[in-house]
Amino acid sequence: MSKRAFVTGATGFLGINLVQELLAQNWQVTAIKRSRSQTKHLNPLNINLVTGDVEDIDSLRAAVPHQVDAVFHVAASTNLWSKYNQRQYKTNVEGTRNMIKVALEKEAGRFIHTSSIAAYGIHEDQVREDTLSNALDSGINYHVTKYLSENDVKEAVGRELDAVVLNPAHIVGPYDTHNWVQIFKNVYRQSMPGIPPTLGSFTYAPEVAKVHIIAYEKGVKGENYLLGGVEASMLEFVNFIERFLDKPVSMKTTAPWILQLATKFYQLGALFTGKEPLLTPEKTKLLTHNVRCDDSKARQQLNFQAVPLETIVEKTCHWLKQENLL
Ligand SMILES: NC(=O)c1ccc[n+]([C@@H]2O[C@H](COP(=O)([O-])OP(=O)(O)OC[C@H]3O[C@@H](n4cnc5c(N)ncnc54)[C@H](OP(=O)(O)O)[C@@H]3O)[C@@H](O)[C@H]2O)c1
């Protein structure tokens, strides 16, 4: 008999990849969408799509099937602009608390929580599962809220929640409309504000989706798994994008202080336009620090695979062109 999954965040980048993988593996999927969610990519799929919001516990109570095999709690606000901090706290922290509560009430089999490497804070060296988090001092609300929500999940493990926590690094791939794909769009428009001299761990969205299902099957209760992928410099990452989009290839990185100065100008501009600036202090902070991890635990225990960066970028460019997003 096929397994039953409940998915939050299914209308987003990683969520769509996860739903596709669940269906490919013959799962029955119930997912929530908000009234304003874009469902274009989910509509053709054979899933039970119901209206719900992680901030509204009653909508979750109505949506989550009794004794569902797995809850995949993917939904979050990934915003990196302080204007949305309050909203982000509600979604990421209070929304996760609601999801935990309802998963326990509905006696869900397992709870797979999509956290982030951001929950560890900011570190120049490789992060490991046992690295102490400094997220609360990071000055980035996304990092703070991912840390707090992950902590709530772990605390609930002591209250019988059979949870596994996944901490992906930079996820790139098809169905991204507003996260790392911003860099693809900036390269395309030749409006990159600069390339920081930093390193990142890049992972492919369909692979992260697959590992969510393996985490359900094999993940150890209460444990974290970092999903790093390929480590590369931001210059290498941007160069691949430039090559696939037939743009001039950048040769140099930009000093962090220049990006920090540029951020102040973009912020001033935002005061007039009210629109999110191209660089926010949070984005600049993230981009001007390394984001790297040791993902050997996930490779060994969850068969996590690193996809070559060139392939990741090629497939993402292909999808963006196909969707006329470039
Ligand atoms: N992208 C990355 O590089 C990255 C890296 C590490 C970890 N992660 C984690 O991966 C997860 C998915 O991120 P993503 O990149 O796929 O983000 P995304 O494309 O912005 O998708 C976010 C999803 O969450 C949903 N959502 C937001 N607020 C909600 C609410 N109040 N109630 C119900 N659903 C809500 C969104 O619904 P709408 O469609 O209605 O907006 C959307 O489906 C997040 O937990 C994120 O922290 C992402």
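Whatever comes next refers back to the structure up there.
Quick look at the structure, then. (Residues numbered from 1 in each chain as written. Predicted model: local features only at pLDDT ≥ 70, side-chain atom pairs only at ≥ 80, totals over all residues. Heavy atoms only, no water.)

## Digging into the nonpolar core
No. 1: In terms of nonpolar packing, the biggest core is built from 62 residues, with V7, L22, W27, F72, F184 and F237 touching the most fellow members.
No. 2: Setting aside residues no more than four positions away along its own chain, L22 makes contact with A5, V7, W27, V29, F72 and I213. (Core = buried A, V, L, I, M, F, W, Y, C linked by side-chain atoms within 4.5 Å. Buried < 20%, exposed > 50% of the residue type's maximum accessible area, 1.4 Å probe, protein only. Contact = heavy atoms within 4.5 Å.)

## Considerations on the pattern of salt bridges
Where charged atoms of side chains with opposite charge meet at close range, the side chains can pair.
No. 1: Taken as a whole and assessed by the stated rule, the structure comprises 15 salt bridges.
No. 2: Linking R97 and D152 is a salt bridge whose minimum nitrogen-to-oxygen distance equals 2.9 Å. Of this pair, R97 sits in helix α3 (residues 85–105) while D152 sits in helix α4 (residues 141–157), and the two are 55 residues apart along the sequence.
No. 3: Overall, the relative accessible area of 39% leaves R97 in the partly exposed class.
No. 4: Between R159 and E155 there is a salt bridge, with the nearest N and O atoms lying 3.1 Å from each other.
No. 5: Of the residues examined, R159 reaches a relative accessible area of 42% and is grouped as partly exposed.
No. 6: Residue E155 is classed as partly exposed on the basis of its relative accessible area of 46%. (Salt bridge = Lys/Arg side-chain N within 4 Å of Asp/Glu carboxyl O. Helix = DSSP H or I, 4+ residues; strand = E, 2+ residues; numbered from the N terminus.)

## Points about the side chain of T254
No. 1: Within the fold, T254 resides in the loop between α7 (234–244) and α8 (256–273).
No. 2: Dropping the residues within four chain positions of it, T254 is found in contact with G194, I195, P196, P197 and L259.

## Topic: the sheet that holds strand β8 (residues 199–204)
Strand pairing in a sheet takes place through backbone hydrogen bonds and is either antiparallel or parallel in direction.
No. 1: The mixed open sheet is built from three strands, whose spatial order is β7-β8-β10. Each edge of the open sheet is held by one strand with a lone partner, namely β7 (170–172) and β10 (230–233). Within this sheet the neighbouring strands show an average axis-to-axis angle of 45°, counted without direction.
No. 2: In the sheet, β8 pairs with β10 via four bridges, with the strands oriented antiparallel. Opposite G200, over in β10, you have A232 as the bridge partner.
No. 3: Against the sheet, helix α6 (residues 205–218) touches β7 and β8, its axis set at about 70° to β8.
No. 4: Across the face of the sheet, α7 comes into contact with β7, β8 and β10 while running at roughly 90° to β10. (Pairing = 2+ DSSP bridges. Axes fitted to C-alpha atoms, helices over the stretch in contact; angles between N-to-C directions.)

## Some words on the site of the ligand
No. 1: The full set close to the ligand counts 26 residues, and T11, S37, Y142, K146 and H178 are the nearest of them.
No. 2: Contact between the ligand and T114: an oxygen atom at 3.4 Å from a main-chain N or O atom of the residue.
No. 3: The contact in question runs from an oxygen atom of the ligand to an N or O atom on the side chain of K146, over 2.8 Å.
No. 4: Protein contact buries 90% of the 900 Å² of open area that the ligand shows by itself.
No. 5: Residue assignment for the shell around the ligand shows that the elements contributing at least two residues are α1 (13–24) and α4.
No. 6: For the shell around the ligand, the class distribution of residues is eleven nonpolar, eleven polar and four charged. (Near = heavy atom within 4 Å. Polar contact = N/O pair within 3.5 Å; in protein donor to acceptor, adjacent residues only side chain to side chain. Areas by Shrake-Rupley, 256 points an atom, 1.4 Å probe, with all protein chains shown as cover. Nonpolar A, V, L, I, M, F, W, Y, C, P; charged D, E, K, R; others polar.)

## Side note on the pairing of strand β6 (residues 163–168)
No. 1: Counting buried residues in β6 gives six out of six residues, a clear majority hidden from the surface.
No. 2: Going residue by residue along β6, you find A163, V165 and N167 tucked away on one face and V164, L166 and P168 tucked away on the opposite face as well.
No. 3: Across four bridges, the pairing between strand β5 (residues 110–114) and β6 is parallel. Paired with F111 across the two strands is A163, which belongs to β6.
No. 4: Viewed along the sheet, the connection from β5 through α4 into β6 turns out right-handed.
No. 5: When β6 meets strand β9 (residues 224–227), the two strands line up parallel, connected through four bridges. Residue pairing across strands places V165 opposite N224, the latter belonging to β9. (Right-handed = clockwise from strand over helix to strand, strands pointing away.)

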